[in-house]
Amino acid sequence: MAFCCLAVIGYLPFVPVSSLWTTTHPKSCWKRRSGSYSAFRRKIGRVSCVVEGSSQNMEVKSGADWKILESDSSDQQQMAILSKVGNLEQITLHHAPSNQQVQVVLFGATVTSWKKNQVERFFLSQEADFSGQKPIRGGIPLCFPQFGPYGPLAQHGFARISYWHLKQMGTTQDRSANGLILSLSNQDLNSALISSWPFLFTAEYQIILGFDGLETHFRVRNDGEEPFSFTFAFHNYFDVSDVSSCQIFGLENIPYCDRRKNDEWSEGEENLSGFQMMEPVDRIYSSTPDELAIFDSSKLQIIKIKKYHLPDSTLWNPFGIQGSDPGWKRFLCLEPGAIKSPIHLKPVFISFVILFV
Ligand code: TA6
């Protein structure tokens, strides 16, 4: 009945782990805006990760499950503040025992800030638009049901430009974490979007703050009678002191699609001491390890990303080139996703794509 993804953000020692699951090739029903989608698929190679068939194919890894929240109105008043930013509604969720807070704007279900011990972990552009007319640049925009231009929709799909609803807020059953759930369905889309993507779905996004850090889970249910396919990414903008003084671990020797070279496919680079961005980079790495890390040598800080059921990872920084953000030096986008191989979701079928950041 649903597909699901989760993310936790934490600062832990870096331990590379390679663990992915694979299944069968989905049929693609999308056309790329320029050039065919199948041409793109040929360029990026074989299928690596797709959810298909029955739930027996799913391996839901321990610790990566959707959390049951219990709601109590007095707790809610302590854990969250509702406010406005520009035209948009936002929720600030706290977790006092671990001194954390996260801000999420209902437009796009965009996490715009996460602070631990008062230190901000995400970059938010000084040009971020809170009018509800454009995606918010910074934090964690959600790319769904399409990553990039590879499909019938505008860049990165409609999730990041749609108004989500607050479905629930509460504590986890063991009372160790606070969380909320936002939802979006086809009924929230305008007629133009519905005609470009005519599928019945319900998406839910769970944001949990606890002792492990920030977890974000995304899941989607196919409410229709036909299967549909989609791609997905957490478009994380991490706050860094200077992008060129960061080393990225976990992408060593991983093949990637170079979006700056006409989607040319490359073998991957060794980079055993971490990949350092010294020029514009826009890559989709396929079949990446489930643990990735960014070491910020100026802040002496490690951001550890633990992802589940998201095989691919995009790495991006425009390095000040045309259309760049004025704050480009201060962010690094490392974006776990299911990009190379669309997820093929049958009706009334639960599947998961789960990510820890
Ligand atoms: O994820 C990287 C990327 O797809 C880049 O190619 C770049 O376009 C970036 O996302 C930002 O896209 P946006 O539409 O948010 O300006």
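Before reading further, recall that the structure is shown in the block above.
Computed from a prediction, not measured in an experiment: that's the story for all the values here.

Quick notes on the packing of aromatic side chains
Both the distance between ring centres and the angle between the ring planes are used here to describe each pair of aromatic rings. Counting across every chain of the model gives 27 aromatic pairs. Between F144 and F158, the aromatic rings sit 6.1 Å apart at their centres with planes inclined by 85°, giving edge-to-face as the arrangement. Of this pair, F144 sits in the loop between strand 8 (142-143) and strand 9 (165-172) while F158 sits in the loop between strand 8 and strand 9, and the two are 14 residues apart along the sequence. Here F144 falls in the buried class, since its relative accessible area comes to 0%. F158 gets classed as buried once you look at its relative accessible area, which sits at 0%. Between the aromatic rings of F199 and F228, the centroid separation amounts to 5.4 Å while the plane-to-plane angle is 40°, which identifies the pairing as tilted. Placement of the pair is F199 in the loop between helix 3 (191-196) and strand 11 (201-210) and F228 in strand 13 (residues 228-234), with a sequence separation of 29 residues. On the basis of relative accessible area, F228 is assigned to the buried category, the value being 1%. R219 extends its terminal NZ or CZ atom over the ring of W66, reaching a point 3.8 Å from the ring centre. The ring centre of Y256 lies 4.0 Å from the NZ or CZ of R283, which sits over that ring.

Remarks on unusual backbone geometry
Note that the residue after F144, namely P145, is joined by a cis bond; omega there is 0°. Along the chain, P145 turns up in the loop between strand 8 and strand 9. You will see that H156, though not glycine, has its phi angle at about 65°, which is positive. Tracing the sequence through the fold places H156 in the loop between strand 8 and strand 9. In this structure, N271 is a non-glycine residue whose phi angle is positive, near 45°. When you line up the elements, N271 lands in the loop between strand 17 (264-266) and strand 18 (281-285).

A few points about the site of the ligand
The environment of the ligand is formed by F147, Q155, H156, R160, H235, R259, D282, T314, W316 and E335. Residue Q155 places a side-chain N or O atom 3.1 Å away from an oxygen atom belonging to the ligand. Residue H156 places a side-chain N or O atom 3.0 Å away from an oxygen atom belonging to the ligand. Protein contact buries 80% of the 390 Å² of open area that the ligand shows by itself. Tallied by class, the residues present in the shell around the ligand amount to two nonpolar, four polar and four charged.

Considerations on the environment of K329
Secondary-structure assignment places K329 in the loop between strand 21 (312-317) and strand 22 (331-345). A relative accessible area of 43% places K329 in the partly exposed class. Excluding residues within four positions of it along the chain, K329 makes contact with V240, S241, D242 and V243.

Regarding the pairing of strand 3 (residues 80-85)
Bridge count for strand 3 against strand 4 (residues 88-95) is six bridges, and the pairing is antiparallel. In the sheet register, A80 faces strand 4, and the bridge partner there is L93. If you look at the hairpin formed by strand 3 and strand 4, you'll find two residues sitting between the two strands, and G86 has a positive phi there, around 60°.

Conventions and cut-offs
Residues numbered from 1 in each chain as written. Predicted model: local features only at pLDDT ≥ 70, side-chain atom pairs only at ≥ 80, totals over all residues. Heavy atoms only, no water. Phe/Tyr/Trp six-rings, centres within 6.5 Å; stacked < 30°, edge-to-face > 60°. Helix = DSSP H or I, 4+ residues; strand = E, 2+ residues; numbered from the N terminus. Buried < 20%, exposed > 50% of the residue type's maximum accessible area, 1.4 Å probe, protein only. Lys NZ or Arg CZ within 6 Å of the ring centre and 35° of its normal. Near = heavy atom within 4 Å. Polar contact = N/O pair within 3.5 Å; in protein donor to acceptor, adjacent residues only side chain to side chain. Areas by Shrake-Rupley, 256 points an atom, 1.4 Å probe, with all protein chains shown as cover. Nonpolar A, V, L, I, M, F, W, Y, C, P; charged D, E, K, R; others polar. Contact = heavy atoms within 4.5 Å. Pairing = 2+ DSSP bridges.

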